[in-house]
Each structure stands twice: as C-alpha cells, then as structure tokens.
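Topology and contacts: notes
Each chain, letter by letter, is given below.
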Amino acid sequence: MVVNGHPRAHRLLTAGDFRSVFDQVDVKAACPELLLLARTNADAQARLGFIISRKNCRSAVARNRVKRIAREIFRTHYADWPQLDIILMARPGIDQLSKEDLHRLIAKQLQRLTRRWHKSQTAAAE
RNA sequence: CGAGCUGGCCAGGCAGUCGCCGCUUCGAAAGAAGGGGAGGAAAGUCCGGGCUCCAUAGGGCAGGGUGCCAGAUAACGUCUGGGCGGCGAAAGCCGACGGAAAGUGCAGCAGAAAGGAAACCGCCAUUCGCUUGCGGAUGGUAAGGGUGAAAAGGUGCGGUAAGAGCGCACCGCGGCUCUGGUAACAGAGUCGGCGAUGGUAAACCCCACCUGGAGCAAGGCCAAAUAGAGUCCCAUUAAGGCGCGGCCCGCGCUGGGACCGGGUAGGCUGCUUGACCCGGACGGUGACGUCCGGGCUAGAUGAAUGACUGUCCACGACAGAACCCGGCUUAUCGGCCAGUUCGCCUU
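Rules used in this analysis
- Residues numbered from 1 in each chain as written.
- Chains lettered and ligands numbered in written order.
- Predicted model: local features only at pLDDT ≥ 70, side-chain atom pairs only at ≥ 80, totals over all residues.
- Heavy atoms only, no water.
- Phe/Tyr/Trp six-rings, centres within 6.5 Å; stacked < 30°, edge-to-face > 60°.
- Buried < 20%, exposed > 50% of the residue type's maximum accessible area, 1.4 Å probe, protein only.
- Helix = DSSP H or I, 4+ residues; strand = E, 2+ residues; numbered from the N terminus.
- Polar contact = N/O pair within 3.5 Å; in protein donor to acceptor, adjacent residues only side chain to side chain.
- Salt bridge = Lys/Arg side-chain N within 4 Å of Asp/Glu carboxyl O.

What follows deals with the packing of aromatic side chains. Enumeration over the complete set of coordinates arrives at 2 aromatic pairs. Here Phe74 and Tyr78 contribute two aromatic rings whose centre-to-centre distance is 5.5 Å and whose plane-to-plane angle is 80°, an arrangement assigned as edge-to-face. When sorted by exposure, Phe74 lands in the same class as Tyr78, which is buried. A centroid spacing of 6.3 Å and a plane angle of 10° characterise the contact between Phe74 and Trp81, whose relative ring orientation is stacked.

Let's shift gears to the side chain of Arg63. In this fold, Arg63 is placed in helix H2 (residues 60–76). Side-chain polar atoms of Arg63 contact the backbone oxygen of Cys57, separated by 2.9 Å.

This structure, assessed with the given rule, holds 4 salt bridges. With its nearest N and O atoms 3.0 Å apart, the salt bridge here joins Arg47 to Asp85. With Arg47 in strand S3 (residues 47–51) and Asp85 in strand S4 (residues 84–90), this pair connects stretches of sequence that are 38 residues apart. Two residues, Arg75 and Glu72, come together in a salt bridge whose shortest N-O distance is 2.8 Å. Here Arg75 pairs with Glu72, and both are found in helix H2, just 3 residues apart, close to one helical turn. The class of Glu72 is partly exposed, set by a relative accessible area of 36%. Salt bridges sharing partners connect three or more residues here, namely Asp17, Arg47 and Asp85.

Here's what the structure looks like:
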C-alpha cells in the first residue's frame, strides 16, 4: 500500500472552489448511485470534495460512510490522480449499498474519470 | 430453581500499521514527541432554562399553554411524596384527574319516549258491547317485556286494585357538623326520601396559575474588493499619469494623495470550567439541598473521531456532537448487577 496523508491542500474547502468546478466541468463519470464532476486545476495536484444531501442519504452514519470510504481510496492511491478538482455527488440509493460495494464502485468511477481525463488531454494536444 | 415487577450499568476486547482534528512541549520553519478525540439515545425538535440581539413606563384585553394536592428545581408539560379512580393473586403499573346548581351548543341508528320526559306491549280499576273471554272507552301504574352506550338511585322486606322512596333496613347520593391531615382527601355523626345535580368541557366556555419576539447562519471583531455624503494636504488653465510610438514632437483621455465612513469575499471570535463529573459527610420518607476533598472529560467549520491486518469471544443493535444544560418521546443485538413479589423443592 502506498502511504499518503490527506491534508487540507488535498480537499476542496470553500464555496468558491465548488463554484469553479460547476462553472466549467472538464470531465465527468456517472452511475446510478453517484456522479463525479471534475475540472483541471492550476495547483498540479488533485483535490476532492463532497456533496451528499440529506435528501439522497438520510442517515448521518451513511453519509459519513460514503465520505470516509472515498477519502480512504483517494488518499491511498493519491499518486494515481491527475491535477483535478473532483466533486463527488451522491444520488438516491447510495445509502442502500454495502461498505464493500461502495468501495468497489467509488474506486472504479475514479479510475474511469482519470482515464477520460488522460484521453481528453491527448486529444487536445493533437 | 422457575415465572414476574422495579431501578441502575455496559454498548465487542487486545496488539500493530497507516490516516484525520484540537491541545501541550521543543523548533526560525519544515516538522518531531507526548497526550486527548461521539451517544445512551449525540436522534425527533415536543417542552423548560441559560446565553445573545431587538422591543419594552405601568396596567389590562386578545392569543397560547398548564390543570387532584403538597414539595423539588434555574425552570418545566419533568421529577418526588401523597390522595382518588382503574388493572393485577402480589410486587407493581396506568390515568389532561378543576368546573356541567353562569350561559350556549351537540347526541347517528334503534326505541312509545333522549331531558324540567314518555304509556308500544303489559298490569290494574271503573264502565260499555256482545258470540263469556275478547273488543272499545276513561283513568291509574315506570314492577315486568322490548330498544339503546344511557330510560332518572340499587337490593330486600312491607305495602297496594296494580304499582311507586309510598314506608322501613342496608348501600349509594347531596347538605351540615365534628375529628385527622399543610392540603387533595378520608372517617364518624346527623339531616334530606333523592323530579335532586343524566352525558359531553381532547365542544365553545368559566375559574386559577404561567406567558414579549427572534435565534449561534444569535451576536461581536478584523477586513481585500467596491459605491461614496464628508475632512485635510498637494496641484490648479500647468505639471504629472495612462494610451499610440524605438525615441522626440504630436494627438487623445484624466486632477492626485491621505484620512473617514460603511462593509462584500475571506478570516478570527462566540466555543467549551459547566445549574459539570467523581468520592465523602450532614439534612430530608424522597425528588433534592448544603459543606469538604479531588478531577478537566470532543470542540470540528466542505465539517475529524476512520481504514487495514492479526487474535479471542457470547460474532457486535440502534445510530454520528455542531452554542450549552434539564427533561419527554421514539429506535435498539445482547449482557451484567441490585432490590422485590409469587410458586415449587430441600433443610
């Protein structure tokens, strides 16, 4: 396992950070339970933020579970992610998934997002 | 030992690795070390209080809330003790439990009649008719039948034409007196025959007591940006600045600076030492209070308290702090302890 931390510099912190992603979404990855939105940033490192509403995920315990699992994946594989500001949005039904399913799903979607970003970068370069 | 009742407690343990958020120490910094880091309900937001800002001379009305009595408390719709009623064999549990003799309203169906009543079937008396045991008329009667949640005290005896608190006894109800109790209330005595006072107040209402409004996104501080009403200084047909340009000329545009004043983004604060926790003594039946000693036990703000590995077992429920307390209610895998009731067995 690659050993990494998850300091504040690796997170989206302010309302402005979130707005900038919504204003210009470069890549996204979607599935029924969650949606990833991302924008290339200037810091040359990946940052992660969450939007998990009470409407889509009623229990506070379930909301915490999603965030912890996502952070854990983001942290342990930090070297894999390109210079993106990523927002993870929860969709209805995410609170029905087990811990194992959530882990698999989030890892898969993050990898999809990364692949799409690399593809778009090479396309832009040509 | 079994069945039950009441109260309290725990909420997987241990070890390692990697993370996250405060704190302390060291360090110029990067960072390092040490130590701490969700709950019994953190929840629902249903009550009460603190705190903050706004409003407010005093009083009343309206609106809202509470509702047996006494006490506890910062306060409460909470808690404790007591009373009354109900359930249970008991321990114990449950109860919006003030007023219907101030007024207004409401009550489906059934039933003859539903509120200052009423004669459908009956029962009885008188009387008329005849086919002599049936029909009619007048009156008496609430004992019986039937309807209903409810038919205006109940049971028994007497009484009567048949009946009826018509009379009597006991019970119930109401008034008064006395006794016990702070009180709710209870007990005893006495009077009243009981057409008095039917039910419903989670119907309006009456009575007593309580009650301003908004909430930590409260509120306070710093403050890029950017309107400017203002003050001061400098310049005042200029100089300077900006644009065109390699430079000069030239052309075009334009007063400059500081303070003040707001206050957006953002940051800081409020933010955890408190009606706190633990132990002891004393007072009180108890809730609780007083005193003494000791302790510091999350404080985040895109929001931490987690993940993985090993191991053990009874294989782990409901669930995540957001200003802080006191309750209530609801969710919850299991386990432990204490007290208590009943039954069975043994001595």
